[in-house]
Amino acid sequence: MKLTAERIIDAGMAVFAETGYHGLSMRRVAQRLDVHAGSLYYHVPSKSALVRLMADRVARQAYEAGTAALAELPPGAGWPERVEAQLVALRGTLRRHPGGAVMFADSPKVLSAGALASMERLLECLRDAGLPAEHAAVGADALLSHVTGFVLQEQSESPSVAVGVEEGLALRERFPLTVAAASTLGEDEKYARSVRLLCAGLGTLLA
């Protein structure tokens, strides 16, 4: 197959999923494509350029997913529903890519058009709701940071720790509220409620 930037991005994302940022190298990407590393540089000049392209791909997919989610809302949906639709779609996109949360978090730093478009649309939503400008930027950033942090925890590769019965009972007695909160909701419901709580907080600042 002809070597293209898109194929190199595909391979880069596959290597990133297996090794993380520090394991990503042009040499490993070339090995995955079964080509000489030097041939990559005709299409992607460096590892940093490849990371920028990967981050932009994830961000563009997230923006498109948000567009589709907004289109499915009923006419007249309020701003909290519009925010939730975008953030649910964003989480879904990031979860489809191992390391997606890390790449999306870095995408504004590399001036990804997709990431900037998502931020712009979220800011417009908050502005149209009546949130003062001095709060809108912080609010939008907090919402997006919440998504990346939530997915980062979901994608964590830390091994689960087995807890014995006696230890579990001791923890329940010592931290009853924390243990109860951890076992009450599934991840999807917890995520939806967390977004609604953030929107409720922003709602108190409406002009």
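Reading the values: rules and limits
- Residues numbered from 1 in each chain as written.
- Predicted model: local features only at pLDDT ≥ 70, side-chain atom pairs only at ≥ 80, totals over all residues.
- Heavy atoms only, no water.
- Helix = DSSP H or I, 4+ residues; strand = E, 2+ residues; numbered from the N terminus.
- Buried < 20%, exposed > 50% of the residue type's maximum accessible area, 1.4 Å probe, protein only.
- Contact = heavy atoms within 4.5 Å.
- Areas by Shrake-Rupley, 256 points an atom, 1.4 Å probe, with all protein chains shown as cover.
- Lys, Arg positive; Asp, Glu negative; His and termini not counted.
- Charge placed at Lys NZ, Arg CZ, Asp CG, Glu CD.
- Axes fitted to C-alpha atoms, helices over the stretch in contact; angles between N-to-C directions.
- Parallel < 35°, antiparallel > 145°, perpendicular 65-115°, else oblique.
- Left-handed = near helix turned anticlockwise from the far one by under 90°.
- Nonpolar A, V, L, I, M, F, W, Y, C, P; charged D, E, K, R; others polar.
- Core = buried A, V, L, I, M, F, W, Y, C linked by side-chain atoms within 4.5 Å.
- pLDDT = per-residue confidence, 0-100.
- Salt bridge = Lys/Arg side-chain N within 4 Å of Asp/Glu carboxyl O.
- Phe/Tyr/Trp six-rings, centres within 6.5 Å; stacked < 30°, edge-to-face > 60°.
- Lys NZ or Arg CZ within 6 Å of the ring centre and 35° of its normal.

**What about the overall build of the protein chain?**
The helix and strand tally for the protein chain stands at eleven helices and zero strands. For the protein chain, the sequential pattern of α-helices and β-strands runs α-α-α-α-α-α-α-α-α-α-α. Seen along its three principal axes, the alpha-carbon backbone of the protein chain occupies a region of about 55 × 55 × 30 Å. Sorting the 207 residues of the protein chain into buried and exposed places 35% on the buried side. The contacts of the protein chain with a sequence gap of at least 6 include a subset with a gap of at least 24, amounting to 70%. Surface summary for the protein chain: the accessible area is close to 12,100 Å², and the carbon and sulfur share equals 58%. The positive charge centre, built from 21 side chains, and the negative charge centre, built from 23, are 6 Å apart in the protein chain.

**A short note on the packing of helix H5 (residues 79–95) against helix H11 (residues 187–203)**
One can describe the packing of H5 onto H11 by two numbers: an axis separation of 10 Å at closest approach and a directional angle of 140°. Accordingly, the angle class assigned to the pair H5 and H11 is oblique. Note that H5 runs across H11; the crossing there is right-handed. Judged by residue contacts, Trp79, Pro80, Val83, Glu84, Leu87, Val88 and Arg91 of H5 engage Glu187, Asp188, Tyr191, Ala192, Val195, Arg196, Cys199, Leu202 and Gly203 from H11. Of the residues in the contact of H5 with H11, the class split is ten nonpolar, one polar and five charged.

**Quick look at the nonpolar core**
In a soluble, globular protein the nonpolar side chains are often hidden away together inside. In terms of nonpolar packing, the biggest core is built from 46 residues, with Val29, Leu50, Val83, Leu87 and Leu126 touching the most fellow members. At the level of secondary structure, the elements contributing two or more residues to this core comprise helix H1 (5–19), helix H2 (26–33), helix H4 (47–71), H5, helix H6 (100–106), helix H7 (113–129), helix H8 (133–154) and H11. Setting aside its immediate chain neighbours within four residues, leucine 50 contacts Ile8, Ile9, Gly12, Leu24, Met26, Val29 and Val44.

**Considerations on the confidence of the model for the protein chain**
Confidence in the prediction for the protein chain averages 89 pLDDT; 92% of positions are at 70 or higher. Summarising per-element confidence for the protein chain, the mean pLDDT is lowest in helix H10 (residues 176–184) (74) and highest in H5 (96).

**Here we look at the environment of tyrosine 191**
Topologically, tyrosine 191 is positioned in helix H11. Taking relative accessible area as the criterion, tyrosine 191 reaches 1% and is therefore assigned buried. It is 35 Å that separates the C-alpha atoms of tyrosine 191 and alanine 5, two residues lying 186 residues apart in sequence. Every residue in contact with tyrosine 191, bar those within four places of it in the chain, is listed here: Leu87, Val88, Arg91, His146, Val147 and Phe150.

**Here's the deal with the pattern of salt bridges**
In this structure the tally under the stated criterion is eleven salt bridges. Put simply, aspartate 188 and arginine 91 hold a salt bridge, and the shortest N to O gap is 2.9 Å. Residue aspartate 188 is located in helix H11, and its partner arginine 91 is located in helix H5; the two are separated by 97 residues in the primary sequence. We classify arginine 91 as buried; its relative accessible area is 7%. Bridged by salt links that share partners, the residues Arg91, Arg95, Glu154 and Asp188 form one connected network.

**Here we look at the packing of aromatic side chains**
The full count for this structure, using the stated rule, is one aromatic pair. A cation over a ring is seen here: lysine 47 above tyrosine 21, with NZ or CZ 4.1 Å from the ring centre. Over the ring of tyrosine 63 we find arginine 121; its NZ or CZ atom is 3.9 Å from the centre of that ring.

**Some points on the side chain of threonine 148**
If you trace the backbone, threonine 148 turns up in helix H8. Given the relative accessible area of 13%, threonine 148 is considered buried.

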